[in-house]
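Okay, here's what each chain looks like letter by letter:
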Amino acid sequence: MTKIEKIIEDAGAFDCVECGKCTSLCPVAKLNPNFAPRLIVVKAQAGMESEVKSDKDIWSCVTCEICNDMCPYKVNFSGFIQRMRAEAIEMGNSPLCSEAGAIHTMQRLTGKGQKQNRLVWLTNDLRVKEKGDVYFFTGCSYQLGILFKDRAAELKKVPASVVKILNAAGIEPVVSNDEVCCGHDLIWSGNEAVFKDLMKKNVEMIRATGAKTVVFSCAEGFRTFSLDYQDFLGDLGFEVKHISEYLLDLIEQGKLDFKESNVKVTYHDSCRLGRHMGIYDEPRELLKAMNVELVEMPSIREKALCCGVNAFANCSEVSRKMQLDRLLEAKGVNAGVMLTFCPKCLIHYNCLLSMEKKPVELENVELVVGDFSNFIAEQLKGATEKTSVGHENVGQVGNVSNSEAENMKGGE
Amino acid sequence: MTEVEPKIVAFCCNWCSYAGADLAGVSRLQYPPNARIIRVMCTGRLEPEFLLRALELGADGVLIAGCHIGCCHYISGNERAQEKVAMTSELLDVLGIDKKRLRLEWISASEGRRFAETMQEFVKDLKALGPSPLKGGAE
Amino acid sequence: MAETMSSVLVIGGGIAGIQASLDLADKGVIVHLVEKEPSIGGRMAQLDKTFPTNDCSICILAPKMADCFGHPNINVWTMSEVTELEGSRGNFKAKVLKKARFVDENKCTGCGDCLEKCPTKGLTNTWEQKLTTRRAIYMPFMQAVPRVAVIDPENCKFLTEGKCGVCKKICKRDAVDYEMKDAMLEFNVGAVVVATGYDVWDPTSSTEYGYGKYPNVFTAMEYERIINAAGPTHGHIQRRSDGGEPASIAYIQCVGSRSLKTGHPYCCSVCCMHSTKESMLAREHIEGIKTTIFYKDMRACAKGFNEYVERAKKDYGVEYVNSDATVQGQTEAGNPIVSFDVGGKFQQREFDMVVLATTLVPSEKNVALAKTLGTELDEFHFFKVRDHTFEPISSTRPGVYLAGYCAGPADIPESVAMGSAAAAKAMEDLIQRKVFA
């Protein structure tokens, strides 16, 4: 079997009967006349290898998995795309990466072996351990908060929020400065080699802490550990849990108390947490347990709309339209806040909201897209700091103060 | 023990600092040859990706040299550079790369001497820091 | 012993069961035809026309139903279900529960006077696919056999509250009997034929088709009732939203079938043909109507079927599009918007009406019935056959035979053939004087 045949077989794509249901439901196919999932699979089945690999539209797929979910034959189209992208890169077919590729570079740089300084957000009031049963995977939220200061500064607060919440429930999680990027964007942009390297580093490091459970706030890290890591390595030796399911257990044991809240929120099922991992109920039950009023948008759960960008590659007008569709749904239900567990979704939606020339439909719309974990932390009884609702820098281009600029010259 | 010479990538803007570097040369001012100079029309063109990539590919230090604030040939390009460099610097810190490896200077076309001095200082600082931790050096 | 040697129990009064009963009765065998509904006829009575001949369905079925009912050797037991089956091949004892109809079958002439006077209206009419309502006392359908009214005990005012009693007063034949009780019947039979047929799957859970959300999306069975001249709209094709006549209809195939997602991965085997038939009939009902069939594969395999499809294309102008389709929205006028893929390009088209070729599933009662009969079901809850190749009519219990859709997808000619085959098999058991284990 050739490599391509193996990719097609692993994805179950030989079962495709070319019915076209995937294309009829694909949000990208609706907007991009050159893209159709059915056509890509048909070409691959027909052995048109180089055509598929050199097709620029292999990067147009947002890997939302609506097609996977609805395919009558359970073809794993997104898995197929993931592996084909690695082949495409080898052929010189690369995507247009956001921020000229800075995010991917940042992610690769975490794994070069140097001693990082990832725990800068760890203040004295936060209690963590070096070895223990529960490991909190901090991921790249903080770094993304730096890179996207103008659109998603609140991401810097996510790791601290999670530790705060766990501490409030009497848990001291393990965090590590030796963590590296989970590699999500790298495997989805065809860079298998670096992904595998990062994966090995993370798994070895976590095993060494003795942790039995690894908790994630980031939807993408959660999916990557649960699916991609296990695909390559088999049983990891520890349990992987999302914070929404983890906290529900704690709440049931009466370990967390929340304030009264009068904000109306809507919840965005990001693709990685929802369709990829099947976690739909837990965030909703969390809001219920927190006594927060939830208004649901029309397209939720398996039908949730995608934020239009995958692995920070190939952002285009199609992405903008998909983001607009989602925000209009949030506007339609009069939600003040749209919460999500995915830092990417947060960045992309805020990117649209912070455009100088916003789409006309979004003008004068009072909508904040906020991080769910930050929201939980701020709703803890006794919490005083505002983290997500009403955070600074939404809708403004960030400005570096002069004093900060002074510090740049000549070093410290 | 032979000292490893630090490799510097220097982004210089066409109108001020590149001319300043040229003036240093014409004036026969001595400065260490560690830098590879890349001319850009304005430091405002710089993306954080260039700075990060230079370090990933083996630079020990990256210099960004532009016009003085208020004197940018394109009015405010250097202000954009300032923001980008500040952000990159914060990111480098979290990545475990010393902020001192990223240096922002305003050097005008007439400041040949300043260019040479900047180079001398930067090389000295980098030697003190040692090779980039991305190449296996300790930070 | 004489009784068992000359009688057979047939479970299910659809075309397969009717055929088996007639074959057996004509040879002198006593047949007990047990049917759970108040009338025999099954699904075929609900259809308008049958493919590939486009014969009127009830017209060819009703004579057989009448033959069955009038045959001296056939005992038709309606409102009945088998509760026990003991014994072995050649020698069974069956217990059948006959639920009370509350109308005396020997007295009622089917005149219909009671039907107009019942004050309890607006009840769900499942036979008419909920397109219209019925009253507490009702005739199962116009051509019902036996043509005897039946009372719905949960909704009848007299039976629940002791009030009303109008139907009894009106009936000139004194056929209404509120005191009627369920009866337990016992039969000694030499063989059993199972012909319980299918149910129509409800596509509401497959939200990509918008059934239930968009009013002008119909199931195929609803459509059959609509185009039927005896149906709720007297044969006029009408949209649900505004009662208007559609100028275009889309037929979407494989709704619920051939899908691992819905748990029905088998092909229901009839809907390629019935959608072809339905689109031809649409053209006969409405001048110039545009019909489009969205299919994954065109399964027109049996004799005359491919010619039928070609006839539809040439003579009736039916458009065939090789793509699955979904309904994700509707226009302001209530026209469903159908999304599909042609040549690798996403397309959308507005239609006035959409008909979903919903899959056919084994009756939900099969699980309990299989247990009662001591036979096995396959993973889809069809009755399992003894051997796929050489014993496709025998169930896993010796002496119990299968006919029609209850054993797996089959169209009308196939069901009839299986009915006759099951009758022949049953006859074998009756003729053999030995009793087999």
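Residues numbered from 1 in each chain as written. Chains lettered and ligands numbered in written order. Predicted model: local features only at pLDDT ≥ 70, side-chain atom pairs only at ≥ 80, totals over all residues.

Participant: Break down helix H11 (residues 158-168) of chain A for me, with residues and values.
Facilitator: Within an α-helix, residues lying three or four positions from one another point in the same direction, as the helix has 3.6 residues per turn. All names here are of chain A. Within H11, nine of the eleven residues are buried, which leaves the element mostly enclosed by the surrounding structure. When H11 is considered as a whole, its buried residues turn out to be Val158, Pro159, Ala160, Ser161, Val162, Val163, Lys164, Ile165 and Leu166. In the core, the buried residues of H11 are packed alongside strand E1 (134-137), helix H9 (141-147), helix H15 (243-252), strand E7 (368-371) and helix H19 (372-379). Backbone geometry just downstream of H11 places Gly170 in the positive-phi region, at approximately 85°. (Buried ≥ 20, exposed ≤ 12 C-beta atoms within 10 Å, placed from the backbone. Helix = DSSP H or I, 4+ residues; strand = E, 2+ residues; numbered from the N terminus. Contact = placed C-beta atoms within 7 Å.)

Participant: Provide a residue-level description of the interface of chain B and chain A, including the pertinent values.
Facilitator: A common way to express how large an interface is: the accessible area buried when the components associate. With 29 residues of chain B at the contact, the number on the chain A side is 30 residues. Take the side of chain B that touches chain A: its biggest share by element is eleven residues, from helix H3 (residues 77-95) of chain B. When grouped by side-chain class, the residues that make up the side of chain B that touches chain A number twelve nonpolar, four polar and 13 charged. (Nonpolar A, V, L, I, M, F, W, Y, C, P; charged D, E, K, R; others polar.)

Participant: Just give me the short version of the interface of chain C and chain A, but keep the residues and values in it.
Facilitator: Across the contact, 17 residues belong to chain C and 18 residues belong to chain A. The leading source of residues in the side of chain C that touches chain A is strand E20 (residues 336-342) of chain C, at three residues. Along the lines of polarity and charge, the residues of the side of chain C that touches chain A split into four nonpolar, five polar and eight charged.

Participant: Break down the domain arrangement of chain C for me, citing the residues and quoting the values.
Facilitator: The domain architecture assigned to chain C consists of domain 1 (2-98 + 182-197 + 363-431), domain 2 (113-170) and domain 3 (201-360). Each of domain 2 of chain C and domain 3 of chain C has a C-alpha centre, and the two are 33 Å apart. (Domains from an automatic or database assignment.)

Participant: So what's going on with the sheet that holds strand E2 (residues 35-40) of chain B? Residues and values would help.
Facilitator: Residue and element names in this part refer to chain B. Pairing is parallel in the open sheet, where four strands are placed in the order E2-E1-E3-E4. The sheet is open, and its two borders are formed by E2 and strand E4 (102-106), each paired with just one other strand. Strand-to-strand twist across the sheet, computed as the mean angle between neighbouring axes with direction ignored, equals 20°. In terms of strand pairing, strand E1 (residues 8-13) meets E2 through six bridges, oriented parallel. By the bridge assignment for E2, Ile8 is matched with Ala35. In this fold H3 packs onto strand E3 (61-66) and E4, with an angle of close to 160° to the strand it touches most, E4. Sheet strands touched by helix H4 (residues 112-129): E1, E2, E3 and E4. Its angle to E3, the strand with the most contacts, is close to 160°. (Pairing = 2+ DSSP bridges. Axes fitted to C-alpha atoms, helices over the stretch in contact; angles between N-to-C directions.)

Participant: Explain the domain arrangement of chain A to me, and be specific about the residues and the numbers.
Facilitator: Domain boundaries assigned for chain A yield domain 1 (3-90), domain 2 (98-250) and domain 3 (256-379). The centre of domain 1 of chain A, based on its C-alpha atoms, is set 29 Å off from the matching centre of domain 2 of chain A.

Participant: So what's going on with the packing of helix H13 (residues 192-209) of chain A against helix H14 (residues 219-233) of chain A? Residues and values would help.
Facilitator: Residue and element names in this part refer to chain A. Across the interface, H13 lies against H14 with an axial gap of 11 Å and an inter-helix angle of 95°. By the angle class used here, H13 and H14 are roughly perpendicular. Facing Lys196, Met199 and Val203 of H13, the residues of H14 in contact are Tyr229, Phe232 and Leu233. Its residues assigned to classes, the contact of H13 with H14 shows five nonpolar, no polar and one charged. (Parallel < 35°, antiparallel > 145°, perpendicular 65-115°, else oblique.)

Participant: Provide a residue-level description of the sheet that holds E1(A), including the pertinent values.
Facilitator: Residue and element names in this part refer to chain A. As summarised here, the arrangement of the three strands in space is E1-E2-E3, forming an open sheet in which the pairing is parallel. At either margin of the open sheet sits one strand with a lone partner, and together these are E1 and strand E3 (239-242). Direction aside, neighbouring strands of the sheet carry axes that sit 30° apart on average. Its contacts with the sheet place H14 against E1, strand E2 (213-216) and E3, and it is angled at close to 155° to E3.

Participant: Explain unusual backbone geometry to me, using residue names and the numbers behind them.
Facilitator: Of the consecutive residues C:Phe51 and C:Pro52, the connecting peptide bond is found in the cis state with omega at -5°. For C:Pro52, the position within the fold is in the loop between strand E3 (49-50) and strand E4 (55-56). Residue C:Pro146 follows C:Val145 across a cis peptide bond; omega there is 0°. By the element assignment, C:Pro146 lies in the loop between strand E10 (137-138) and strand E11 (150-151). Within the chain, A:Ala100 stands out as a residue other than glycine whose phi angle is a positive 60°. If you check the backbone angles, A:Asn291 has positive phi at about 60° while not being a glycine. Positionally, A:Asn291 belongs in the loop between helix H16 (281-289) and strand E5 (293-294).

Participant: Kindly report on the nonpolar core, identifying the contributing residues and their values.
Facilitator: Among the nonpolar cores identified, the biggest contains 171 residues, and A:Phe136, A:Leu147, A:Val214, B:Val62 and B:Ile64 are the most heavily contacted of them. Take this core: its biggest share by element is eight residues, from H3(B). Aside from chain neighbours lying at most four places away, what touches B:Ile64 is B:Phe11, B:Thr43, B:Leu46, B:Ala81, B:Val85 and B:Leu104. Grouped together as the second largest cluster of nonpolar side chains are 130 residues, C:Ile11, C:Val318, C:Ala421 and C:Ala426 included. (Core = buried A, V, L, I, M, F, W, Y, C linked by C-beta atoms within 7 Å.)

Participant: Please set out the pairing of E4(B) residue by residue, giving values where relevant.
Facilitator: Residue and element names in this part refer to chain B. When you tally the buried positions in E4, you get five out of five residues, the bulk of the element. The two faces of E4 match: Leu102, Leu104 and Trp106 on one face and Arg103 and Glu105 on the other face are all buried. Relative to E4, E3 is paired through five bridges, and the arrangement is parallel. Across the sheet, Val62 pairs through a bridge with Leu102, a residue of E4. Regarding the hand of the β-α-β motif, the stretch spanning E3, H3 and E4 is right-handed. (Right-handed = clockwise from strand over helix to strand, strands pointing away.)

Participant: Describe the pairing of E1(B), and please don't skip the residues or the numbers.
Facilitator: Residue and element names in this part refer to chain B. The element E1 is largely enclosed, with a buried count of six among its six residues. Burial of the side chains of E1 extends over both faces: Ile8, Ala10 and Cys12 are buried on one face and Val9, Phe11 and Cys13 on the other. Inspection of the sheet shows E1 paired to E3 by five bridges, in the parallel sense. Within E3, the position partnered with Ala10 by the bridge is Leu63. Running through helix H1 (residues 17-26), the crossover from E1 to the neighbouring parallel element E2 is right-handed.

Participant: Before we move on, could you go through the confidence of the model for chain C and cite the residues and values that matter?
Facilitator: On average, chain C scores 93 in pLDDT, and the residues at 70 or more come to 98%. Across the interfaces of the predicted complex, the ipTM metric reaches 0.93, alongside a pTM of 0.86. (pLDDT = per-residue confidence, 0-100.)

Participant: I'd like a description of the environment of C:Ile252, backed by residues and values.
Facilitator: Residue and element names in this part refer to chain C. With respect to the helices and strands, Ile252 occurs in strand E16 (residues 248-255). With 23 residues separating them along the chain, Ile252 and Ser275 place their C-alpha atoms 8.4 Å apart. Setting aside residues up to four positions removed in sequence, Ile252 forms contacts with Tyr209, Phe294, Ala325, Val354, Leu356 and Ala357.

Participant: Describe the environment of C:Cys118, listing the residues and the values that go with them.
Facilitator: Residue and element names in this part refer to chain C. Position of Cys118 relative to the elements: it lies in the loop between helix H4 (113-117) and strand E8 (123-124). By C-beta crowding, Cys118 is classed as buried, having 23 other C-beta atoms within 10 Å. Note: C-alpha distance between Cys118 and Arg134 (16 residues apart in sequence) is 9.8 Å. Setting aside residues no more than four positions away along its own chain, Cys118 makes contact with Arg135, Ala136, Ile137, Val166 and Cys167.

Participant: Requested: an account of helix H7 (residues 220-227) of chain C, with residues and values cited.
Facilitator: All names here are of chain C. Most of H7 is tucked away, with eight of its eight residues classed as buried. Every buried residue of H7 is listed here: Ala220, Met221, Glu222, Tyr223, Glu224, Arg225, Ile226 and Ile227. The inward-facing, buried residues of H7 abut strand E14 (198-200), strand E15 (217-219), helix H8 (271-285) and strand E22 (353-358).

Participant: Run through the packing of helix H1 (residues 3-10) of chain A against helix H7 (residues 77-90) of chain A, naming residues and quoting values.
Facilitator: Residue and element names in this part refer to chain A. Running from amino to carboxyl end, H1 crosses H7 at an angle of 160°, the nearest separation of the two axes being 8 Å. With respect to H7, the element H1 is oriented roughly antiparallel. The chirality of how H1 crosses H7 is right-handed. Across the interface between the two elements, Ile7, Ile8 and Asp10 of H1 pack against Gly79, Phe80, Arg83 and Met84 of H7. Taken together, the residues of the contact of H1 with H7 break down into four nonpolar, one polar and two charged. (Left-handed = near helix turned anticlockwise from the far one by under 90°.)

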